[in-house]
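So the chains spell out like this:
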Amino acid sequence: MRPAALAAACALLACVSAEAQQRETISFESRQKGQPVQVTAEIYWPPKPGPVPAMVIHHGSGGVGERESRFAREMVAMGVAAVVIDSFKPRGVTSTVQDQSAVTGQDFNLDALMALKALGANGRIDRNKIGIMGFSKGGTSALMAAHEQFIGAAGVPSGLRYALHVPFYPSCSAQYYRPQITRAPIYMLLGAADTYVGYEPCQTYGQALQAGGASVQVTVFPNAMHGFDGGAPYAVSRGENYSKCVFQQQADRSWVERSSGVMTIGADGKPISGALAKALAACRTLGVSGGANDAAARQSMDDLKANVRRHLLGG
């Protein structure tokens, strides 16, 4: 081989080796409607020696796309490993916009906690500096990952918890009565013009969590729609819209849908026959839309980075 060709080949191998060091695919067991499934995540490593902080990034109902890659690049540039979960591909799903039951909220939320378990056992990651952020459906998982009852049910070790939660426009349709929340800070970023999931339910739930001692901060961006952080505007006429559905756990542990007043689960913890369908018939609609808001996109990115610096990169 000629020297020039040899040099080019070595350079190519060096690039491939560097790429392999900077990106890694991991998998962990989760659940799909009662059956075990191996969920995957891509880790994008910063070019610095470990152990390093990490930020889990959980996608929304449209799956992994440019948005997740964009936020991953921002995290890596800060010296934080970005961990992008793909909750859809291993389950053979491309979207849940028109059918949220294709990957249930319970299974989706579990993915976030099983990812935490996997990262906590990874020697290249600082297990005390792992955060989670997510968008819409992934924003909900980022919020629910602070609830101790789900953490315990997932078998997460007692010394392992997310150190930061940043839910972008989550759904707060399930509101627990005085839940036990971890001490990690929660920063909810909402849009005042969001008609997909709304913003008032998360404001209400955030206040309830604050009253219980949780560290919760809620920011509502004026004129911002669902997906305000970037991307093309969209509208899906057949998309399932649960913005008017708010299921609240009562003091006796029963569950009541707020707008219809229908009790769906009794104090004994058992679902009431036909009640859920009745409640959804009253509150669920069709039609979802969203789009970027430049001011909210810039400010939310600034807020995210400030909290990463404070809680994941700080001493």
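For the structure itself, look to the data block above.
The rules behind each value
Residues numbered from 1 in each chain as written. Predicted model: local features only at pLDDT ≥ 70, side-chain atom pairs only at ≥ 80, totals over all residues. Heavy atoms only, no water. Helix = DSSP H or I, 4+ residues; strand = E, 2+ residues; numbered from the N terminus. Buried < 20%, exposed > 50% of the residue type's maximum accessible area, 1.4 Å probe, protein only. Lys, Arg positive; Asp, Glu negative; His and termini not counted. Salt bridge = Lys/Arg side-chain N within 4 Å of Asp/Glu carboxyl O. Polar contact = N/O pair within 3.5 Å; in protein donor to acceptor, adjacent residues only side chain to side chain. Contact = heavy atoms within 4.5 Å. Expected span 1.5 Å × (residues − 1). Core = buried A, V, L, I, M, F, W, Y, C linked by side-chain atoms within 4.5 Å. Phe/Tyr/Trp six-rings, centres within 6.5 Å; stacked < 30°, edge-to-face > 60°. Disulfide = S-S within 2.5 Å. Pairing = 2+ DSSP bridges. Axes fitted to C-alpha atoms, helices over the stretch in contact; angles between N-to-C directions.

**Quick word on the side chain of Glu257**
Within the secondary structure, Glu257 is located in strand S12 (residues 255-257). Arg258 provides the closest opposite charge to the buried, unpaired Glu257, separated from it by 6.0 Å. For Glu257, the side chain forms a polar contact with the main-chain nitrogen of Ser260, separated by 2.7 Å. When residues no more than four places from it in sequence are discounted, the contact partners of Glu257 are Lys244, Cys245, Val246, Phe247, Val262, Ala279 and Cys283.

**Here we look at helix H2 (residues 66-77)**
An α-helix turns once every 3.6 residues. As a result, residues three or four positions apart point the same way. With twelve residues, H2 ought to run about 16 Å at 1.5 Å a step, and its terminal C-alpha atoms sit 17 Å apart, in line with that. The set of residues buried in H2 consists of Arg67, Glu68, Arg70, Phe71, Ala72, Met75 and Val76. Turning to H2, the residues buried within the fold contact strand S2 (35-44), strand S3 (52-58), strand S4 (81-86), strand S5 (125-135), strand S6 (164-168) and helix H8 (294-311). Where H2 terminates, the next one or two residues include Gly79, which has phi positive at roughly 90°.

**Brief notes about the environment of Tyr205**
Along the chain, Tyr205 falls in helix H6 (residues 200-211). Through-space distance from the C-alpha of Tyr205 to that of Ser173 is 9.2 Å; in sequence the pair is 32 residues apart. Not counting residues up to four positions away in its chain, the partners in contact with Tyr205 are Leu143, Met144, His147, Cys172, Ala174, Gln175, Tyr176 and Pro179.

**What about the nonpolar core?**
Ranked by internal contacts, the top residues of the largest apolar core, which has 30 residues, are Val56, Leu119, Ile130 and Tyr162. If you list the elements that add at least two residues to this core, you get strand S1 (23-32), S2, S3, S4, helix H3 (105-120) and S5. In terms of residues, this core owes the most to one element, H3, which gives seven residues. Once residues within four sequence positions are removed from consideration, Leu119 is found in contact with Ile26, Ile43, Val56, Val83, Ile125 and Ile130. Among the nonpolar cores identified, the runner-up in size contains 27 residues, and Val166, Phe168, Tyr187 and Val308 belong to it.

**Regarding the packing of aromatic side chains**
Taken as a whole and assessed by the stated rule, the structure comprises eleven aromatic pairs. With a centroid separation of 6.4 Å and 40° between ring planes, the pair formed by Phe135 and Tyr169 is classed as tilted. Of the two residues, Phe135 is situated in strand S5 and Tyr169 in the loop between S6 and strand S7 (174-175); the sequence distance between them amounts to 34 residues. Centroid distance Phe168 to Tyr169: 6.3 Å. Interplanar angle 85°. Geometry classified as edge-to-face.

**Comments concerning the state of the cysteines**
Overall, the coordinates contain two disulfides when judged by the stated rule. For the chain, the bonded cysteines pair up as 1-2, 3-4 when numbered in the order they occur along the sequence.

**Structural notes on the sheet that holds S6**
One open sheet accounts for eight strands, arranged S1-S2-S4-S3-S5-S6-S8-S9; its pairing is mixed. The open sheet is flanked by S1 and strand S9 (216-221), the only strands paired with a single partner. Pairs of neighbouring strands in the sheet enclose a mean axial angle of 20°, with direction left out of account. Most of the contacts of H2 go to S4, to which it runs at about 160°, and overall it touches S2, S3, S4, S5 and S6.

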